[in-house]
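# Fold and contact review
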Amino acid sequence: MQPLIELEKRQVGEEAWEEPFFLNMGPQHPSTHGVLRLRIELEGETIVNCEPVIGYLHRGIEKLAETLNPNQCILLSDRLDYISSVANNVAFALAFERLMKIEVPRRARLIRTIVSEMARLCSHLLWLATHALDIGAITVFLYCFREREWLLQIFEKICGARLTHGYVRVGGVRRDFTPEVVEELYEFVRVFPERILDYETLLDENRIWLKRTKGIGVVSPEKAIDLGLTGPSLRGSGVPYDVRKFRPYDAYDEVEFLVPTGKNGDTYDRYKVRMQEMRQSASIIKQCLDKLSETEGEPVLSEKAPDLLLPKMRKEVCPMLTPKGKVVFRTRKKEIIPKGEAFASIEAPKGELAVYVISDGTDTPWRLRIRTPSFVHISAIPYLAKGHMIADLVAIIGTLDIVLGDSDK
Amino acid sequence: MSELICLLICSVILLVIALLHVAYLTYAERKIIARMQQRLGPNRVGPRGLLQPFADMLKLLTKEPIIPYGVDKNIFVLAPLISLVCAGSGLAFIPLWSNFVLSNANVGLLFILALSSLSAYGIILAGWSSNSRYALLGGLRSAAQVISYEIAMGLSLLSVVVMAGSFNLGDIVRAQANLPWKAFLFPQIIGFVVFLISAVAECNRVPFDLPEAESELVAGYFVEYSGMRFALFYLAEYFAMLVMSGLAVTCFLGGWLGPFSIPGLPFFWFLLKLYAFLFFYIWLRATLPRYRYDQLMDLGWKLLIPLAILNLFLTAIIKLLV
């Protein structure tokens, strides 16, 4: 899109000009999934140009991570893609584990896989809910929230939090599953495939849904790779790339699952891919639960895992705490991250989430870089939206499944 | 003089009844959709939330009416009134029972059609005067919608007129008395389907709620409205639903006629059919996604209008032969 100044020049310079109709969509708009702002140039209702403006949710997570130790960084990662925070936790933990050369116990790996897939279900359910709501189907929204609520309650039983779990630790997980949780998860994976049918009966063969999604936002496989799409958005175009298969982490090499792909690369195919993925996720959870019973009683945290303690608090920083000099400070061990760099990438629900850490041998990372799927996907919106109508733009934002916390970091 | 007073009183009674219907239609909509979506719906105000419509009304009445900067003030104030008056006054022509109608006009059907087209002006003007781009787009969509659907609706009703030989709604009902099922439903099944779809579009209801499309245009044409003016648009929508359902019942389902008459409850069959239609509207809203604006025009021009014309020809030919 042309910068504003140039546009003004053109308008003033020529005698007869047609004023382009600009629409500013967002940052407060019901279907931009957060605080995405889009500057749209319209011709009637057709989109001529579309420019995403991001940064409204920037919190400087990468910079902030440089001041925190590994376990604190994981809590920070909850705030990236807050819909599926455990997936972010896993990515961060993997990077630090590779850097610190920590072996994760098998039981912890299985538990991580389960919670990752639960996070995927949470994310996909929320995606389906909002995507359908954007296109106008309000009932699917509440059906999806019904199951998501159940998952969140299980999460609450696992780690006490519903949204920002912080459940994963460098070297394992925070605590073991209770038998009650395992039971409830078994119940969930038993019931869930039937619930998916609920959504599909409302949408799959709905003529309006088909009209609104087929042929909308088509991306060819080559173009999808060029745009940097990952996750279901890429697989919808027929590229079977899945980090869980290509570079297995945690317990993904132990379980069997399919990587569903689409054919046409349109919104409908991406919808179908995600629906299939939900079924696969349920099956992965079930397989992991079966394996979990083999490892009953084993530790869920590596012995080499760094302490949860804060960096050593210096006396001179807070002299007020020791007015009479009698309070003895507990000495807190500084966990040194060995010098070097490490890279970890996972299949987050929205796409490939990668973390790159460099350490200079102190207790905090020297630099931490995050590659988030939403950021890349937002950059694909102008390509996808061009020539479509406003109503399709909403469907396209939905189909790319973006979260602004993820993109703005 | 006494006639005029009588008419006034009757109008007021009709208005009150209609308003009560609208109030509880909003309540019913929220409750029914809640049930369909496994929620509870309003249940705080009064027993089972039955006083919710009044609470809402009070809230909206006491809100500050904001007129944003840069709007065309006169039109901005007038638009919701146009919408409401045009949508609501159609009720006067719908016969609840034999001869029980406020205005037994001979051109009742035409009048309702004229008024419902006019009510779209309220929406277009609101969109135009709001000085907001979303509202403008909503208004434009409404204009596109009106030209695509009014014709199909008019044509489908015209075949009913051909069958009945009258524009008077009472006469149309009486013409159905001798038919099987006491309704034009089966001889006019194509017309009925066309009318049904157009009526939903006429009321700006899902799946044709494009002018207000919440997820695209935020609230479309009434995005800048607040307080009671905002409520007037809502009232207009529900009045339009009542009128369109009433029209469907009168023209296609045989109005007050039923399989047997119930003593003491002359309106029973009419209201039963009316409520069934209103339920249908609500049901649609819970089930269907929204059409896109060009797809809606496609549907209107390429499918409904040809169908309605075909139906009209068929009806006319059969009428000639029989």
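Keep in mind that what you see is a predicted model, and the values were worked out from it rather than measured.

The next thing to look at is the overall build of chain B. Counting its secondary structure elements, chain B contains 11 helices and zero strands. The order of helices and strands in chain B, counted from the N terminus, is α-α-α-α-α-α-α-α-α-α-α. The C-alpha atoms of chain B give a radius of gyration of 20 Å, which matches the 20 Å a tight globule of 322 residues would have. Each principal axis of the C-alpha distribution contributes one length, and for chain B these read about 60 × 50 × 45 Å. When burial is assessed residue by residue, chain B has 48% of its 322 residues classed as buried. Put simply, 79% of the contacts in chain B that link residues at least 6 apart link residues at least 24 apart.

With that settled, the discussion passes to helix 11 (residues 293–321) of chain B. Here helix 11 of chain B is 29 residues long and its end C-alpha atoms lie 41 Å apart, about the 42 Å a rise of 1.5 Å per residue gives. At Leu304 of chain B, helix 11 of chain B is deflected by roughly 30°, the largest bend along its length, and proline Pro306 of chain B occurs up to four residues later in sequence. Regarding helix 11 of chain B, the residues found buried are Tyr293, Leu296, Gly300, Leu304, Ile305, Ala308, Asn311, Leu312 and Thr315 of chain B. Packed against the buried residues of helix 11 of chain B are helix 15 (390–400) of chain A together with helix 5 (133–164) and helix 7 (189–202) of chain B.

This part covers the interface of chain A and chain B. By convention, interface size is frequently given as the accessible area that disappears when the constituent parts associate. Residue-level contacts link 25 residues of chain A with 22 residues of chain B. Secondary-structure elements contributing two or more residues to the side of chain A that touches chain B are helix 5 (106–135), helix 6 (138–159), helix 8 (207–213) and helix 15 of chain A. In terms of residue class, the side of chain A that touches chain B is made up of 14 nonpolar, five polar and six charged.

Residue and element names in this part refer to chain A. Sheet topology places strand 2 (residues 37–43) next to strand 3 (residues 46–53); seven bridges connect them, and they run antiparallel. Counted as the bridge partner of Glu43 is Thr46 from strand 3. Remark: two residues form the turn of the hairpin made by strand 2 and strand 3, two consecutive strands paired antiparallel; Gly44 in that turn has positive phi of roughly 70°.

With that settled, consider the environment of Gly340 of chain A. All names here are of chain A. Counting through the fold element by element, Gly340 comes out in strand 6 (residues 340–348). Exposure remark for Gly340: the 14 C-beta atoms within 10 Å place this residue in the partly exposed category. Considering only alpha carbons, one finds Gly340 and Asp78, 262 residues apart in sequence, at a separation of 25 Å. Not counting the four nearest positions on each side in its chain, Gly340 is found in contact with Leu99 and Ser359.

This next bit is on the nonpolar core. Soluble globular proteins tend to pack their nonpolar side chains together in the buried interior. Counting 207 residues, the largest nonpolar core has Ala91, Ala95 and Ile346 of chain A together with Phe239 and Ala248 of chain B as the members making the most contacts within it. Among residues more than four places away in sequence, those in contact with Phe239 of chain B are Ala18, Val22, Leu84, Ala87 and Gly88 of chain B.

Residues and elements named next belong to chain A. The sheet built from three strands is open, its strands ordered 1-2-3 with antiparallel pairing. Only two strands of the sheet have a single neighbouring strand rather than two, namely strand 1 (21–25) and strand 3. Between one strand axis and the next, the sheet turns through 20° on average, direction left out of account.

Looking now at the confidence of the model for chain A. In low-pLDDT regions, the fine details of the predicted coordinates are not to be read closely. Residues and elements named next belong to chain A. Per-residue confidence for chain A gives a mean pLDDT of 83, with 89% of residues at or over 70. Mean pLDDT across the elements of chain A ranges from a minimum in helix 1 (residues 4–13), with 51, to a maximum in strand 7 (residues 351–359), with 91. Predicted confidence for residues 1–5 stays below pLDDT 50, and this span has five contacts to residues more than four positions away or in other chains. The low-confidence segment residues 310–331 (pLDDT under 50) makes 13 contacts with residues lying over four places distant or belonging to another chain.

Confidence in the prediction for chain B averages 84 pLDDT; 100% of positions are at 70 or higher. Across the assembled chains, the prediction reports ipTM 0.82 with pTM 0.85.

Residue and element names in this part refer to chain A. One open sheet holds the three strands; their spatial order is 6-7-8, and the pairing between them is antiparallel. Of all strands in the sheet, those with a lone pairing partner are strand 6 and strand 8 (367–371), marking the two edges. Strand-to-strand, the axes of this sheet are offset by a mean angle of 10°, without reference to chain direction. Pairing analysis gives five bridges linking strand 7 to strand 8, with the strands arranged antiparallel. Bridging from a neighbouring strand, Tyr356 pairs with Arg369 of strand 8. Packing of helix 4 (residues 85–100) onto the sheet brings it into contact with strand 6 and strand 7, and relative to strand 6 it is tilted by some 155°.

Turning our eyes to something else, we now look at helix 10 (residues 268–287) of chain B. Residue and element names in this part refer to chain B. With 20 residues, helix 10 ought to run about 28 Å at 1.5 Å a step, and its terminal C-alpha atoms sit 28 Å apart, in line with that. For helix 10, every residue scored as buried is listed here: Trp269, Phe270, Lys273, Leu274, Phe277, Leu278, Ile282 and Arg285. Looking at the buried residues of helix 10, the elements they touch are helix 1 (2–36) and helix 9 (227–252).

Let us now look at the domain arrangement of chain B. All names here are of chain B. Structurally, chain B comprises domain 1 (1–62) and domain 2 (73–321). On a C-alpha basis, the centroid separation for the pair domain 1 and domain 2 is 20 Å. At the interface, 16 residues of domain 1 touch 16 residues of domain 2. Of all elements in the fold, only helix 1 and helix 2 (52–62) reach the threshold of two or more residues within the side of domain 1 that touches domain 2. Among the elements that take part in the side of domain 1 that touches domain 2, helix 1 stands out by supplying 13 residues, more than any other. Grouping the amino acids of the side of domain 1 that touches domain 2 by side-chain chemistry returns 11 nonpolar, four polar and one charged.

Here we take up the environment of Leu202 of chain A. Residues and elements named next belong to chain A. Within the element layout of this structure, Leu202 appears in helix 7 (residues 179–203). Taking C-alpha positions, Leu202 is 21 Å from Leu400, a pair spaced 198 residues apart along the chain. If near-sequence neighbours (up to four positions away) are discounted, Leu202 is found in contact with Ala137, Thr139 and Val140.

Parameters at a glance
Residues numbered from 1 in each chain as written. Chains lettered and ligands numbered in written order. Predicted model: local features only at pLDDT ≥ 70, side-chain atom pairs only at ≥ 80, totals over all residues. Helix = DSSP H or I, 4+ residues; strand = E, 2+ residues; numbered from the N terminus. Rg over C-alpha atoms; globule rule 2.2 N^0.38 Å. Buried ≥ 20, exposed ≤ 12 C-beta atoms within 10 Å, placed from the backbone. Contact = placed C-beta atoms within 7 Å. Expected span 1.5 Å × (residues − 1). Bend = angle between axes of the 7 residues up to and from the residue. Nonpolar A, V, L, I, M, F, W, Y, C, P; charged D, E, K, R; others polar. Pairing = 2+ DSSP bridges. Core = buried A, V, L, I, M, F, W, Y, C linked by C-beta atoms within 7 Å. Axes fitted to C-alpha atoms, helices over the stretch in contact; angles between N-to-C directions. pLDDT = per-residue confidence, 0-100. Domains from an automatic or database assignment.

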